[in-house]
Every structure is written in structure tokens, then in C-alpha cells.
Amino acid sequence: LQRSQQLKRSAWLAPAPCRLNSSLPMNIGVLFVPQQEAWVVERMGKFHRILEPGLNFLIPLLDRIRYVQSLKEIVINVPEQSAVTLDNVTLQIDGVLYLRVMDPYKASYGVEDPEYAVTQLAQTTMRSELGKLSLDRVFRERESLNANIVDAINQASDCWGIRCLRYEIKDIHVPPRVKESMQMQVEAERRKRATVLESEGTRESAINVAEGQKQAQILASEAEKAEQINKAAGEANAMLVRARAKAEAIQLLAAALAQQHGSAAASLSVAEQYVSAFSKLAKDSNTLLLPANTGDVTNMVAQALGIYATLTKPQAVKPPAEVPPAHEDPLPPPTEVLKAEQAGSS
């Protein structure tokens with residue numbers, strides 16, 4: 001157990017551990033191999049077999065444990081190195097390499113130090129892959145870059161009995177001036193996005209406002225149309241009502257005029273309206289047009305009655321069929337009635 005812990009500690013501390021050292025397990029005949037380890041045994045200097053985990057028996061002095069291979073996944077830090085991109089930008093880049101020993105025999109006899117060899121291969125492959133990409137693509141295609149490095153390492157390390165599981169780039173250090181240029185480019189790109197988003201927002205706002213105005217105008221026109229329709233319907237109904245009322249009034253007036261002494265009563269009503277209108281002439285306006293004989297009321301009333309008689313003469317109503325009784329006196333003419341009223345008032 002102490003030996004196993006020492007091997008683990010040395011694997012972490014040493015960047016390129018040596019598989020052949022003087023502190024290998026000694027052959028005492030009975031050996032216990034830890035789990036996930038493979039011990040390579042040589043008999044009289046020639047490969048004999050690989051001890052599996054558990055109890056194993058060897059011949060002392062003839063058999064010797066030559067290599068101890070760990071079958072666990074090994075993590076190796078790839079040192080920082082310089083690489084030039086396709087657009088001639090120098091980068092400082094490092095990474096982490098994950099390995100596993102698949103064939104202890106090839107890992108022992110195929111290469112002197114497999115971990116060191118794989119580390120150097122990872123560095124050279126990294127430089128060659130970065131030389132194919134520009135600076136912008138290096139940051140965008142880190143995943144594909146890692147996959148290409150793993151494929152290149154596996155093609156070369158197959159004969160070493162080692163398989164590269166994955167490779168991860170830890171840090172990419174850019175020169176200060178290039179970093180400032182990238183920062184300015186990022187800021188310009190963000191300002192561009194902000195301007196584009198603002199313009200799109202303004203456009204959407206204008207479209208929404210126009211749509212709202214359009215809908216408002218449509219609704220207003222529909223409301224005005226409905227209002228005009230309702231107003232027209234109301235005016236039509238009012239006209240019909242007024243026409244019916246006027247027709248009924250005319251019918252009642254005609255029926256009243258057709259009765260006995262109807263013409264005299266109409267003449268009296270016209271005379272009263274004329275006198276009332278003449279008395280209000282000076283109240284509504286300062287400019288008056290008066291006849292020359294304004295003081296002769298009797299003459300003016302006679303003229304109004306003459307006009308009324310002239311207008312109503314073509315539309316004279318036939319007298320009723322019934323003849324009034326002989327004992328009733330006929331109604332005096334309107335002129336005589338007015339004269340009598342004026343004499344009484346005087």
C-alpha cells in the first residue's frame with residue numbers, strides 16, 4: 001500500500017515520470033497486485049507476462065518486475081506554449097490532457113516515456129491546428145479544435161498502447177494590443193446591436209401607432225356613419241310626425257272653417273295676429289319699415305283682411321249642405337266687427 005501511494009504521489013508531482021526505476025516491487029515469490037494496475041514481468045531479461053490484480057506467483061531470481069502501469073485515467077497538464085494563428089496573432093495557450101493506458105505491453109516497450117511523448121505530441125498538434133484557424137475562429141471553435149487534437153494524438157499514440165480520451169484548452173492569453181482591439185470590436189458590436197434594436201423598436205412603435213390610428217379612424221367613421229343614420233332616421237321620423245300633425249291640424253282647420261261663421265272667425269284671428277306682430281316691431285330691432293299711415297289701425301287691418309280674402313278666394317270652401325235656420329242672424333263682416341270693437345274700446 002505504501003508503495004502504491006508513493007507511485008501515485010510521484011505520478012502527480014513528476015511532469016514526465018520514468019517507468020524504469022530501482023524502487024520497483026521485489027520478487028519474493030508471492031505478490032499481491034493492486035486493482036487497476038498491471039505489472040510487466042520479465043524472465044531472464046525477456047518479456048514473460050503481465051500480472052493481473054490479485055494473488056500472483058513468480059520464481060525468485062528468474063522473474064523480475066520491470067514495469068508498473070496504472071490503468072486509471074491519467075491527467076496531464078500541458079505546459080503553456082506559443083502558437084501563431086492564421087492571421088499572424090501570437091497566442092499563449094495551455095491545456096489539460098486525459099489519458100488511459102489501454103495496452104500495458106505497448107506502453108512499456110513501444111516508447112520510453114509514453115506520458116512525456118503524448119504531452120509533446122499534444123503541444124505540436126496544438127500549434128499545427130491553431131495555425132489553420134484565425135483568431136476569431138479560435139474562440140468560436142474551441143470544441144472542434146479540441147476534437148481535432150484528440151484525433152491527431154490517438155492516431156500517433158495507438159502504437160504506444162495509450163488512448164487520449166479528451167483534451168481541454170484551459171487558458172488563451174492574447175497580446176494586450178490585440179485584446180484592446182477585440183474589446184473595442186466587442187463594444188462596437190454591442191453598440192450596433194443596441195442601435196439596431198432601438199431602430200426596430202421605433203419601427204414597431206410607429207407601426208403600432210399607425211395601426212391604432214387606422215383602427216381609431218375606422219371606428220370613428222363607423223360611429224359617425226351610425227350617428228348620421230340614426231340622425232337621419234330621427235329627422236325622418238320627426239318630419240313624418242310633424243307632417244301627420246300638420247295634416248291633422250289642416251283637417252281640423254278645414255273642418256272648423258267649413259262650419260257656420262268659420263270665415264269670420266278666421267278673419268278675426270288674422271287681425272289679432274297682425275295687431276300683435278305690429279306691436280312687437282320696435283322691440284327686436286332698431287331699423288323699422290313702417291307704412292305711411294301707421295296711425296290708422298283700421299285701414300291696416302282692412303288691408304290684411306283683403307290680402308287674406310285674396311289668398312283664400314281660389315281655395316274657397318263650399319258651404320255646408322245644411323242651411324242655417326232663418327231666425328239666426330248672419331255674422332257681420334270682419335270690418336264692421338273691428339269698427340265696433342274700436343268704438344267700444346274708445
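One can find the structure itself at the top, above this paragraph.
To start, this report covers the structure provided alongside it. The model shown is predicted, which means the values in this text are computed figures rather than measured ones. (Residues numbered from 1 in each chain as written. Predicted model: local features only at pLDDT ≥ 70, side-chain atom pairs only at ≥ 80, totals over all residues. Heavy atoms only, no water.)

Our focus in this paragraph is the overall build of the protein chain. If you tally the helices and strands in the protein chain, you get ten helices and eight strands. Across the 346 residues of the protein chain, 24% fall into the buried class. Expressed as a percentage of contacts within the protein chain between residues at least 6 apart in sequence, the contacts between residues at least 24 apart total 66%. Summed over all atoms, the accessible surface of the protein chain reaches about 24100 Å², with 57% contributed by carbon and sulfur. (Helix = DSSP H or I, 4+ residues; strand = E, 2+ residues; numbered from the N terminus. Buried < 20%, exposed > 50% of the residue type's maximum accessible area, 1.4 Å probe, protein only. Contact = heavy atoms within 4.5 Å. Areas by Shrake-Rupley, 256 points an atom, 1.4 Å probe, with all protein chains shown as cover.)

Let us look at the sheet that holds strand S7 (residues 90-101). Sheet architecture is open: three strands sit in the order S6-S7-S8, paired in antiparallel fashion. Lying at the two open borders of the sheet, with one neighbouring strand each, are strand S6 (73-84) and strand S8 (162-173). The sheet shows a mean angle of 25° between the axes of neighbouring strands, direction not considered. Sheet topology note: the S6/S7 ladder contains ten bridges and is antiparallel. Opposite Val-84, over in S7, you have Thr-90 as the bridge partner. Where helix H3 (residues 114-130) meets the sheet, it contacts S6, S7 and S8, and its direction lies at approximately 35° from that of S6. (Pairing = 2+ DSSP bridges. Axes fitted to C-alpha atoms, helices over the stretch in contact; angles between N-to-C directions.)

Attention now goes to the sheet that holds strand S5 (residues 63-70). By definition, the strands of a sheet pair up through backbone hydrogen bonds, in either a parallel or an antiparallel sense. Overall, antiparallel pairing links the three strands, which are arranged S3-S2-S5 in an open sheet. Taken across any chain shown, the strands that pair with only one partner, and hence form the sheet edges, are strand S3 (46-51) and S5. Taking the axes of each pair of neighbouring strands and ignoring which way they run, one obtains an average angle of 25° across the sheet.

Okay, the pairing of strand S2 (residues 37-43) next. Burial runs high along S2: six of the seven residues are buried. Here seven bridges tie S2 to S5, and the two strands are oriented antiparallel to one another. Bridge pairing links Trp-39 to Val-68 in S5. Two strands pair when backbone bridges link them, and S2 and S3 are joined in this way by five bridges, in the antiparallel orientation. Along S3, the bridge assignment pairs Arg-43 with Lys-46. Following S2, the chain reverses through two residues before pairing antiparallel with S3; Met-44 in that reversal takes a positive phi of roughly 55°.

Read these as geometric descriptors, not functional statements.
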